[in-house]
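Structure at a glance
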Amino acid sequence: MHELSIAEAVVDLIEASAVTEKFSRVKTICLEIGKISHIETQALEFCFDSVSHGTLAEGAQLKIIEVAGLGHCMDCNIDVTIDQLYDPCPVCGGFRVTPKSGTEMRVKELEVE
Ligand SMILES: [Zn+2]
């Protein structure tokens, strides 16, 4: 499952930064998720709960921030915001839109103690 590997990646990242930044517990994890990344936030929360069990991220709260997708319309030659992958260009209505961002996930902030 997509969400499971993402949850595992988040826990790995936290454990790695715990070593370098010397913290022992994570209270809150701020995650930025692109709207067109096809990540189910509820599924991700569920996976995170089970993956983080027994790690220092256990019990941490996930704060998910959805960021709008950005695409480039080849006909207008401008960047446009898109809510879904393969959405038409909001300016010309054409479908020659290449996704540029909003397809990814990143950890924005960690609240640790
Ligand atoms: Zn266009």
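First, a word on what this report is: a plain description of the structure on this page. (Residues numbered from 1 in each chain as written. Predicted model: local features only at pLDDT ≥ 70, side-chain atom pairs only at ≥ 80, totals over all residues. Heavy atoms only, no water.)

**Brief notes about the environment of E45**
As for its position among the elements, E45 is in helix α2 (residues 41–51). Expressed as a C-alpha distance, the spacing of E45 and Q61, which sit 16 residues apart in the sequence, is 9.0 Å. Non-local contacts of E45, meaning those with residues more than four positions away in its chain, are made with L62 and I64. (Helix = DSSP H or I, 4+ residues; strand = E, 2+ residues; numbered from the N terminus. Contact = heavy atoms within 4.5 Å.)

**Observations concerning unusual backbone geometry**
Positive phi outside glycine occurs at K22, with the angle close to 55°. Topologically, K22 is positioned in the loop between α1 (2–21) and β1 (26–34). Unlike most non-glycine residues, N77 shows phi in positive territory, near 60°. As for its position among the elements, N77 is in the loop between β3 (69–73) and β4 (78–82).

**A short note on the nonpolar core**
One finds V10, I14, V26, I29, L44 and F48 to be the most contacted residues of the largest nonpolar core, which totals 20 residues. Of the residues forming this core, the biggest block, 6 residues, is contributed by α1. With sequence-adjacent residues up to four places away left out, I29 is seen in contact with V10, I14, F48, A60, Q61, L62, K63, V107, E109 and L110. Formed by 6 residues, the second largest nonpolar core is a distinct cluster that contains I36, C73, I82 and V97. (Core = buried A, V, L, I, M, F, W, Y, C linked by side-chain atoms within 4.5 Å. Buried < 20%, exposed > 50% of the residue type's maximum accessible area, 1.4 Å probe, protein only.)

**Things to note about the packing of α1 against α2**
For any two helices packed against each other, one specifies the inter-axial angle together with the distance between the axes. Packing of α1 against α2 brings their axes to within 8 Å, and their N-to-C directions diverge by 50°. As summarised for this structure, α1 and α2 are arranged oblique, according to the angle between their axes. Read as a crossing pair, α1 and α2 show a hand that is right-handed. Contacts from E3, L4, I6, A7, E8, V10 and V11 in α1 reach A43, L44, C47, F48 and V51 in α2. (Axes fitted to C-alpha atoms, helices over the stretch in contact; angles between N-to-C directions. Parallel < 35°, antiparallel > 145°, perpendicular 65-115°, else oblique. Left-handed = near helix turned anticlockwise from the far one by under 90°.)

**What to know about α1**
Taking 1.5 Å per residue, 20 residues should reach 28 Å; α1 reaches 28 Å between its end C-alpha atoms and fits that length. Those residues of α1 that are buried are in contact with β1, α2 and β6 (105–112). Within two residues after α1, K22 carries a phi angle of roughly 55°, on the positive side. (Expected span 1.5 Å × (residues − 1).)

**Points about the coordination of the zinc ion**
For the zinc ion, every protein donor is listed as C73 (SG), C76 (SG), C89 (SG) and C92 (SG), and the spread of their distances is 2.2 to 2.4 Å. Given 4 donor atoms and angles of 105 to 117° at the metal, the environment of the zinc ion is assigned as tetrahedral. On the primary sequence, the residues serving as donors to the zinc ion are separated as C-x2-C-x12-C-x2-C. In this structure C76 comes out as partly exposed when scored by relative accessible area, which is 26%. (Donors = N, O, S within 2.8 Å, 3.2 Å for Na, K, Ca; no water. Tetrahedral: all angles 85-135°; square planar, octahedral: opposite > 155°, others 65-115°.)

**Topic: the sheet that holds β3**
Adjacent strands of a sheet pair through backbone hydrogen bonds, lying either parallel or antiparallel. Strands sit in the order β4-β3-β5 across an open sheet of 3 strands; the sheet is antiparallel. In this open sheet, the two strands that pair with only one neighbour each are β4 and β5 (97–101). Averaged over all pairs of adjacent strands, the angle between strand axes in this sheet comes to 40°, irrespective of strand direction. Note that β3 and β5 share 4 bridges and pair antiparallel. Across the sheet, the residue bridging to H72 is T98, located in β5. (Pairing = 2+ DSSP bridges.)

Just geometry here; none of it tells us what the structure is for.
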